[in-house]
Amino acid sequence: MSQLEFLAIAKPKRENWLATMTPEEKMVMGEHLEYVRRMFSEGKVVLSGPCLDGTYGIIIYKADSPESAQKMYENDPAVKAGIMDTELHPYKVGVMEGR
């Protein structure tokens, strides 16, 4: 079966979140970054990153099934902690450098 792609979107629950993160939120975001980097090294993430103005962040996962993508998404420390509003959607990278 070919790999499917899924878009995860995370939106802060309050304005100016980047400047007002609590120590606990900073810790969770550090764990989140480690998680995403590990998933990338395993070939399960196409790309990931935040908007520099703090409006949202995205991850594009590669998975064998919707259930596998859902599991990766749910295991993200930021999703588990509920510190942001998050969504997961089926996605298809249409144009990307190097593809």
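Rules used in this analysis
- Along every chain, residues carry numbers that run from 1 in the direction the sequence is written.
- The predicted nature of this model means local features are confined to residues of pLDDT at least 70 and side-chain atom pairs, given and counted, to a pLDDT of 80 or more, with totals for whole chains, interfaces and linings taken over all residues.
- With hydrogens and water set aside, each side-chain value is computed from the structure's full complement of heavy atoms.
- Here the rule is simple: two strands pair whenever DSSP picks up at least two bridges between them.
- Helix numbers and strand numbers start at the N terminus; a helix is a DSSP run of H or I with at least 4 residues, a strand a run of E with at least 2.
- Helix axes are fitted only over the stretch in contact, all axes being lines through C-alpha atoms; the angle between N-to-C directions runs from 0 to 180 degrees.
- Should any heavy atoms of two residues lie within 4.5 Å, those residues are considered in contact.
- Expected span of a helix, by definition, is 1.5 Å for each gap between consecutive residues, and there is one gap fewer than residues.
- Using a 1.4 Å probe on the protein chains alone, a residue whose accessible area is under 20% of its type maximum counts as buried, one over 50% counts as exposed, and one in between counts as partly exposed.
- The directions considered for the arc run from the helix axis to the C-beta atoms.

K.L.:
Please set out the sheet that holds strand E4 (residues 84–91) residue by residue, giving values where relevant.
P.N.:
Within the open sheet, the four strands sit side by side as E2-E3-E1-E4. Their pairing is antiparallel. Of all strands in the sheet, those bounded by a partner on one side alone are strand E2 (45–50) and E4. Taking the axes of each pair of neighbouring strands and ignoring which way they run, one obtains an average angle of 15 degrees across the sheet. Of the strand pairs in this sheet, E2 and strand E3 (residues 57–63) are connected by five bridges, and their pairing is antiparallel. Across the sheet, residue Gly-49 finds its bridge partner in E3, namely Ile-58. Packing of helix H3 (residues 66–74) onto the sheet brings it into contact with strand E1 (4–12), E3 and E4, and relative to E3 it is tilted by some 140 degrees.

K.L.:
So what about helix H2 (residues 23–41)? Which residues, and what values?
P.N.:
When the terminal C-alpha atoms of H2 are compared, their 27 Å separation across 19 residues agrees well with the 27 Å that a helix rising 1.5 Å per residue should span. Within the span of H2, buried status applies to Glu-25, Val-28, Met-29, His-32, Tyr-35, Val-36 and Met-39. The arc that holds every buried residue of H2, seen down its axis, measures 120 degrees, which confines them to one face. In H2, the exposed positions that point more than 90 degrees away from the buried face belong to Pro-23, Lys-26, Met-27, Glu-34, Arg-37 and Ser-41. In this structure, the buried residues of H2 make contact with helix H1 (17–20), E2, E3, H3, helix H4 (77–81) and E4.

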